[in-house]
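# Geometric and topological summary
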2 protein chains.
Amino acid sequence: MTAFPTDHVAPAEVLTGPAPLAPVEPAPLRSPAEEARTIVANGKLAALATASEDGAPWASLVIYAPLEDGSPVLCLSTLAEHGRNVVRDPRASLVIGQADVIGDPLDSGRVTLAGELVEVEGDELEAAKAAYKRAAPASGLYGNFPDFTYYVLRIDRVRWVGGYGRMDSADPGQYRAAAPDPSAPGADYAIRHLNEDHADALLQMAQQLGGYPDATKAKAVRIDRLGLDLRVTTPRGTSETRLAFAEPATAPGDLRVATVELAKRARGAS
Amino acid sequence: MTAFPTDHVAPAEVLTGPAPLAPVEPAPLRSPAEEARTIVANGKLAALATASEDGAPWASLVIYAPLEDGSPVLCLSTLAEHGRNVVRDPRASLVIGQADVIGDPLDSGRVTLAGELVEVEGDELEAAKAAYKRAAPASGLYGNFPDFTYYVLRIDRVRWVGGYGRMDSADPGQYRAAAPDPSAPGADYAIRHLNEDHADALLQMAQQLGGYPDATKAKAVRIDRLGLDLRVTTPRGTSETRLAFAEPATAPGDLRVATVELAKRARGAS
């Protein structure tokens, strides 16, 4: 790795935009482990990388279901190349993308998990089958064919990418111990609703709380249990700012409460 | 591979449904090479499988752009693991899924391409950059950073999966020589429109042309330049049937002409 540069060689403002003109209250972020658990908990489609007979990588599409600790269960057939690859070499990796991506897909969340696929046996098998059937109802039909095997990925490595310039690795233990963001199922709706019906409130938040008094437009781009990310247009260029919620959201419906509070605070400060 | 069974061990009707009761005109299918080219031409998001330093598979998300012959161009940074992997071992595989999947994602189309990633150089580079920028506009910004390299996948293997029980491999030469289905950009709209506004016509097609005079319901599930696939409900169970178009569609708008002709023929036969 030392042969490679460690950062993009470009002026910082190309990637980050103009700096805020007023102080901004520090806003906590979800940990990389929580980011990863959240994406994994809210998806069911993944791409699987396995090693072919000659060691060359092989990419395929799979459905997965996460167990309680975020370990994904797969159900693979030896009629498919990935199923035969795994019998020979259990090393595998999954990439799981955020559902419902709007805009540039490289500016959206995804997680790579890597480790070994281990056949699920004994007491674990019924729980794994039940979890898998919720994600893939048709597996009730094919899951018991003799060419299919249920596997769980024993995770060695977790790499989260949230979008341009937002990425980090997580320790596998931290990943298993973290919980998915409970507000996540409400995030897409909240973003759409804020942008469609509350553009004025978003602009006031950017001007009064976000450090951009010169903002002329503000758009909600991400929301999570801890805060709201705005993309801010100013005469100096486009930037992003994050606003902390007064209280963390603990359910999808809390996102409304938290953003109403932000709007009130911004109005009060103006 | 000989150690593995070569087909699912299950009663055929579980997967295929009841047989037709009347003769059906044979309906041509797109070749596996055309199926693969069509999926690749209409997507831009792929999962990339590369080999990590220890040879373990690594899955990541990428944007690709196909060249004229269907070979995908990638733009990878050595700041990302996949970019470093490829410098060490150029063997790679992409899986590309059909856009806009409705219903069970394993019953939808995807293609695995495998081969070697070769750096694009000389005359090819400008064409590759231009194609890539159409798929990933932001690459105009980052594509020239020194940590990014443009690659083209030199394809050794092509595996197409169309859904349950629909899959085949294609020879790389056939893949490069095939053309994407020119009607494909109109397929999603045609399927939705047929199911929402022409359920009666679909039922008549299934009964009069599709070999299921006992059909009680028919739903359009796939459409391509050569024909229309219907899912048919009968008192004997659910099955699928394919209806050949009188003339192949050569543009998205031709799908309307072709299905109107099918509806007329079905009406005339009743």
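Note that the structure is predicted; figures quoted are calculated from it, not measured.

### Points about the interface of chain A and chain B
Listed by partner, the interface residues are 44 residues for chain A and 44 residues for chain B. Mapped by element, the contributors of at least two residues to the side of chain A that touches chain B are β1 (45-51), β2 (57-63), α3 (81-88), β5 (91-97) and β6 (110-119) of chain A. Here the residues of the side of chain A that touches chain B sort into 29 nonpolar, eight polar and seven charged.

### Thoughts on the sheet that holds strand β11 (residues 237-244) of chain A
Residues and elements named next belong to chain A. One open sheet accounts for three strands, arranged β9-β10-β11; its pairing is antiparallel. One side of each edge strand has no neighbouring strand; the edge strands of this open sheet are β9 (217-224) and β11. With strand direction ignored, the average angle separating the axes of adjacent strands in the sheet is 25°. For strand β10 (residues 227-234) and β11, the ladder comprises eight bridges, and the chain directions are antiparallel. Across the sheet, residue T234 finds its bridge partner in β11, namely G237.

### Observations regarding the sheet that holds strand β11 (residues 237-244) of chain B
Residues and elements named next belong to chain B. Pairing in this open sheet of three strands is antiparallel, and the strands run β9-β10-β11 from one edge to the other. Strand pairing shows two members of the sheet lacking a second neighbour, β9 (217-224) and β11, which therefore form its edges. Within the sheet, the average angular offset between the axes of one strand and its neighbour, ignoring direction, is 25°. Each of β9, β10 (227-234) and β11 is contacted by helix α8 (residues 199-208), which is oriented at about 90° to β9, the strand it contacts most.

### A look at the domain arrangement of chain A
With domains assigned, chain A is organised as domain 1 (33-177) and domain 2 (184-269). Here domain 1 of chain A and domain 2 of chain A have C-alpha centroids that lie 33 Å from each other.

### What to know about the relation of the copies chain A and chain B
Here two copies of a chain appear, and what relates them is a rotation about an axis with a shift along it. Structural alignment of chain A on chain B gives an RMSD of 0.0 Å, achieved by rotating through 180° and translating 0.0 Å along the axis. Expressed as a symmetry operation, the mapping of one chain copy onto the other fits a two-fold axis. It is A49 of chain A whose C-alpha, among those of chain A, lies nearest the rotation axis, at 2.6 Å. In this assembly, 100% of the residues forming the interface of chain A have copies in chain B that are likewise at the interface, indicating an isologous arrangement.

### Comments concerning the environment of S77 of chain B
All names here are of chain B. With respect to the helices, strands and loops of the structure, S77 is situated in strand β4 (residues 72-77). Sequence separation of S77 and F145 is 68 residues, and the distance between their C-alpha atoms is 8.7 Å. Beyond its immediate sequence surroundings of up to four residues, S77 is in contact with G83, D147 and F148.

### Here we look at the environment of A36 of chain B
All names here are of chain B. Along the chain, A36 turns up in helix α2 (residues 32-41). A36 gets classed as buried once you count the C-beta atoms within 10 Å, which come to 31. Residues A36 and A201 lie 165 residues apart in sequence; the distance between their C-alpha atoms is 30 Å. When residues no more than four places from it in sequence are discounted, the contact partners of A36 are V111, V158, W160, A170 and Y175.

### Thoughts on helix α7 (residues 187-197) of chain A
Residues and elements named next belong to chain A. For α7, the full list of buried residues reads A187, A190, I191 and L194. End-on view of α7: buried residues confined to an arc of 100°, all on one side of the axis. In α7, those exposed residues whose orientation departs by more than 90 degrees from the buried face are E196 and D197. Along its buried surface, α7 packs onto α8 (199-208), β9 and α9 (254-269).

### Examining the packing of α8 of chain B against helix α9 (residues 254-269) of chain B
All names here are of chain B. At their nearest, the axes of α8 and α9 sit 9 Å apart, and the two run at 60° to each other. By the criterion of interaxial angle, the relationship of α8 to α9 is oblique. Judged by the sense of rotation from one axis to the other, the crossing of α8 with α9 is left-handed. Across the interface between the two elements, A201, Q204, M205 and Q208 of α8 pack against L262, A263, A266, R267 and A269 of α9. The residue makeup of the contact of α8 with α9, split by class, is six nonpolar, two polar and one charged.

Conventions adopted
- Residue numbers restart at each chain and count upward from 1, following the sequence in its written direction.
- Labels follow written order: the first chain is A, the first ligand is 1, and so on.
- Restriction of local features to residues with pLDDT of at least 70 applies here, the model being predicted, together with a cutoff of 80 or more for giving and counting side-chain atom pairs; totals for whole chains, interfaces and linings are based on all residues.
- What counts as a contact is two residues whose backbone-derived C-beta atoms lie within 7 Å of each other.
- Runs of E in the DSSP output that reach at least two residues are strands. Runs of H or I that reach at least four are helices, and both are numbered from the N terminus.
- Think of it as three bins: nonpolar holds Ala, Val, Leu, Ile, Met, Phe, Trp, Tyr, Cys and Pro, charged holds Asp, Glu, Lys and Arg, and polar takes everything else, Gly as well.
- At least two bridges found by DSSP between two strands is the condition for calling them paired.
- Interaxial angles span 0 to 180 degrees and are taken between N-to-C directions of axes, which are lines fitted to C-alpha atoms, for helices over the stretch in contact.
- Each domain's extent is set by a domain assignment, obtained either automatically or from a database.
- Only residues with pLDDT of at least 70 in both copies count here: their C-alpha atoms drive the least-squares fit that superposes the copies.
- We call a residue exposed when 12 or fewer other C-beta atoms sit within 10 Å of its C-beta, buried when the count reaches 20 or more, and partly exposed for counts in between; the C-beta positions come from the backbone.
- What the arc describes is the spread of directions from the helix axis to the C-beta atoms.
- Oblique is the label for any angle not under 35 degrees, not over 145, and not in the 65 to 115 range, which are roughly parallel, roughly antiparallel and roughly perpendicular in turn.
- The crossing is said to be left-handed when, going from far helix to near helix, the turn is anticlockwise and less than a right angle, and right-handed when the turn is clockwise.

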